[in-house]
Every structure is written in structure tokens, then in C-alpha cells.
Amino acid sequence: MNITQILAAELSAAPAQIEAAVSLLDDGATVPFIARYRKEATGGLDDTQLRTLAERLQYLRELQERKAAVLKSIEEQGKLSDDLKAKIEAADNKTALEDLYLPYKPKRRTKAQAAREHGLQPLADLLLAEQPQDVETAAAPYLNENVPDTKAALDGARAILMEQFAEDAALIGRLREKLWNEAEVHAQVVAGEEAKGEKFKDYFDHREPVRTMPGHRALAVLRGRNEGVLHIALKYQADDTPITQQSEYEQLIATQFTVSDGHNWLRDTVRLAWRAKIFLSLELEALGRLKEAADSDAINVFARNLKDLLLAAPAGRLPTLGLDPGYRNGVKCAVVSDTGKLLDTAIVYLHQENAMLAALSRLIKAHGVKLIAIGNGTASRETDKIAAELVRGLPEMGLHKIVVSEAGASVYSASELAAREFPDLDVALRGAVSIARRLQDPLAELVKIDPKSIGVGQYQHDVNQSQLAKSLDAVVQDCV
């Protein structure tokens, strides 16, 4: 596999452009740096192409390394044929590669493996190839000290065939896509957990196609399962379908291995292979795929929110009063100069409205404040009401009040960076400083904060954290 040629085809670029970009990335250059300052080297690849290139490069290199490991493993087993090697080398994704490797992957001792060791592989081959109606008579010649009766022989042969059905790469690929396109996620409340799971009541009996399930609902039901409130399962046929009726998935398996309609023993083997082995594996894969898709959707939302926040228009160089609202611990106040330097601080209380108005008026007059930045957290509305009274009561100051996002302010206030800048300032007051500064110049202030604490969203703690951090860091670099 030539990674350069694959990337060139995917990005509609020349191989020389790809090689130049890969070389720069390998040397430690970032996508924003290459997009801005190395256009002549990459032939003008833009930031979108470079981001795609960086992601696909990592994936393809991991795929290449995995192929080498798979080929080595199968070769050491003495089972690597030219045809299998060609299929492995042609695999264009990790899922297809693992499907090919599945029959050769070292595994725990299985019933099928034990049956083979007891000489039952020829019986399994005979039952599948000739499909005799009297299976007990067919099994009789295969009895030995490890296989005492025909029941044991047939159970061993069945275990071998079930494993054979479950390890057919082409078949599993078709079943996987069919299940993904047709199955429904069925969420149900765990008995006795109704009160504990009140916030998940919309999903106490919820069915929805897995393929089209929106990310926010997927993360919600998965969280409910993790908290022990919901039970989640994939449904691939109607609830009123008799369990004895053959499903379309079982028919696919039967067709793949030419199992005749009238051979009950083989039909039962197909049914067991699907319901007890293949479906359980594909169900886990489908739910994992659903989680990955939901993660990507959520992370894209966080990234857009973060970008909008970072690129908000700055209010400019004006003296600003930052208000970090609160009830029990009061409203934390900080005045910063037009350059962001801390000038004064105070703590006032909403239940002492007159005293609060007087204290804020003194701060505004003493430092020529022109802007009031109000954090949008708890008690924001009450604080905004007081600020409106200040604007009306001090017309000569030309005041303007604006509610700003305080996402990440508490994280910043307790950070090492804030401690170095304000070693003698109370942690709570540092947050008010940040609120004031982010109105003056959002980007300059918010880049000090962990992007994950700014990329706010209801399901942030449910998503892949390393993927989230990578995405949000990229947004920050792009904005800077």
C-alpha cells in the first residue's frame, strides 16, 4: 500500500504535494503553521486539506502497522496463502482487516478448538457438504475416548460450524451493514430505577433506528445505561415475530453456506450461530459505532461553540468592571484598566441592594469604568438587573452592560497561570478579572483556559476526551 498515492487520490493533489506536507508534519510542524507559512512547499494545500491529510495519514500508518502484525502472526502459524496475503494487503480499513484476521487470531481455548482436537473437523465438513438427514448415523464413526456418544459428536461438530460461520469475513461484512441499516436501538428502564432515572424518563421505552439516531439522544441513552438506569439492546425484527421463524440474517448465513431448507439440524446450527455468537458481537460493534458517531457530532458542536466564543468581537480598550454573580458567596467584582491591568476588587451581595449599588457606583466613578461585564452563571439575571440600574443612574459615565459567557472562568481562576499573575488575590476574585478581560478581548483571555472547559455542552463528559481535546486544541490554534 502506497500511502502517498492514496492520500493524493483522496485529496485530489499531486504526490509531490503530499510528500512535502507529510515531511513537514513529521518534522513537528502544525497544520495552521503549514497552511500559513509553507504554502510554497505544499503547492497551496489549504487548511482543510491539511487537516484531512493529517488525520488520514495517522489512520493509514496505523493500518499499515496492523497489516504487518497480522501478516506476521498468520505466517508464524503457517497458514498464510498468497490469496489471503493479497486480501490483507488490499484491505482499505481496519474493520475489513480484522474480519480477515478473525479466523487466525489467537484466542482462548474454545469448544470448537477442543472439538477439532478430538477429531470432529471431518464430521463438521461432512455434515455441511453432504447434509445427511440422519445426522446421528453420520456421527457414529467419529466416537472415541473423548467423544463418548453421538450427542457429544454432534455438539462438537456444531461448535466447529458455528465458529466457521462467525469467521467468514465477507458474510460478516454483509451482516454488519444490514444490521446497521435496519436495526433499532431499544432503550428500556431497568425495573425499580424509575425514580433514580427521572431525567431519562423520555427513554424509559424508546425505539429508534440506530443508523439515524441523533448524537445527543445516543449519548443520553448510553449515559443512562452507564448509570444503571436504562437497558439498551438492538432489535433486528419485530417483537411479534416468533423466535422459531428464521430471520433474514439467518437466511443470509444459510445461503452463504448452501444450507438446505429441509435440514433441521443445520438450520438450528445457523440459528444458534446468529443469535448466540454473531449477533452479540455485531450488536457491540453497532453500539460502539453509534457512540463514535455521537462523539464526532458532539465534538463538532463543541468546536463550533468554542470558535464562535474565541472570535467574538472585542469591546476594545475601555476600563471594565467584571461581575461574577453569586448568591451565598456574593457577587465578585473586579475593575480592570483599558489594558487589562487589575485596578480594584470588591465583593457585594444581592440581598443588600442599596449597599451593592453604592459600592459599584464608587468603583465606576473612581476608575472611569465604561463597560460592565456580567457572567452568565448563577444569579446572572439578578446581577444584570442591578447593572441596568447603574446604567440608568449614572448617565454621565456612558456605561454599557453586556452579559458574557463565564465558561472556564472558575477553571482559570484556580490555574497555575492565574496564581502566578495574582498570587495575593482570592481565587473567587480572579474569575471576575477573567470575565472583565474576556469582554475587552475574548481571544486574548480565553486562550489561557483549557479548551475543554470552554467547549461547553450537555454531554461533554460522555465523549471521547482525547478526541475532544485534540479537536478543541486545533480550534484554538486556528483562531490564534
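Placed above this text is the structure.
Just so we're clear, the structure is a prediction, and the values are computed from it rather than from any experiment.

### Considering helix H12 (residues 169–182)
Taking 1.5 Å per residue as the helical rise, H12 with its 14 residues ought to reach 20 Å, and the 20 Å between its terminal C-alpha atoms agrees with that figure. Packed against the buried residues of H12 are helix H7 (94–101), helix H11 (150–166), strand E3 (230–235), helix H14 (248–256) and helix H15 (264–310).

### Thoughts on the packing of H12 against H14
When two helices pack together, their arrangement is captured by the angle between the axes and the distance separating the axes. Running from N to C, H12 and H14 point in directions that differ by 165°, and their axes come no closer than 11 Å. Classed by the angle they form, the pair H12 and H14 counts as roughly antiparallel. With respect to the hand of their crossing, H12 and H14 are arranged in right-handed fashion. Side by side, H12 and H14 meet where Leu171, Arg174, Leu175, Lys178, Leu179 and Glu182 of the first sit next to Glu248, Tyr249, Leu252, Ile253 and Gln256 of the second. Grouping the amino acids of the contact of H12 with H14 by side-chain chemistry returns six nonpolar, one polar and four charged.

### Describing the environment of threonine 320
Counting through the fold element by element, threonine 320 comes out in strand E4 (residues 320–324). With relative accessibility at 0%, the residue threonine 320 sits in the buried group. Considered as a pair, threonine 320 and tyrosine 236 are 84 residues apart in the sequence and their alpha carbons are 60 Å apart. Leave out the neighbours within four places in its chain, and threonine 320 touches Ala334, Val335, Val336, Val369, Leu371, Ala373, Ala436, Leu439 and Gln440. Here glutamine 440 takes part through its side chain, which lies 3.4 Å from a polar atom of the side chain of threonine 320.

### Focus: the packing of helix H5 (residues 47–76) against helix H6 (residues 82–90)
In the contact formed by H5 and H6, the axes pass within 10 Å of each other and the chain directions differ by 165°. Relative to H6, the element H5 lies roughly antiparallel. Note on packing geometry: the crossing formed by H5 with H6 is right-handed. Where H5 approaches H6, its residues Lys67, Val70, Leu71 and Ile74 are matched on the opposing element by Leu84, Lys85, Ile88, Glu89 and Ala90.

Rules used throughout
- Residues numbered from 1 in each chain as written.
- Predicted model: local features only at pLDDT ≥ 70, side-chain atom pairs only at ≥ 80, totals over all residues.
- Heavy atoms only, no water.
- Helix = DSSP H or I, 4+ residues; strand = E, 2+ residues; numbered from the N terminus.
- Expected span 1.5 Å × (residues − 1).
- Contact = heavy atoms within 4.5 Å.
- Axes fitted to C-alpha atoms, helices over the stretch in contact; angles between N-to-C directions.
- Parallel < 35°, antiparallel > 145°, perpendicular 65-115°, else oblique.
- Left-handed = near helix turned anticlockwise from the far one by under 90°.
- Nonpolar A, V, L, I, M, F, W, Y, C, P; charged D, E, K, R; others polar.
- Buried < 20%, exposed > 50% of the residue type's maximum accessible area, 1.4 Å probe, protein only.
- Polar contact = N/O pair within 3.5 Å; in protein donor to acceptor, adjacent residues only side chain to side chain.

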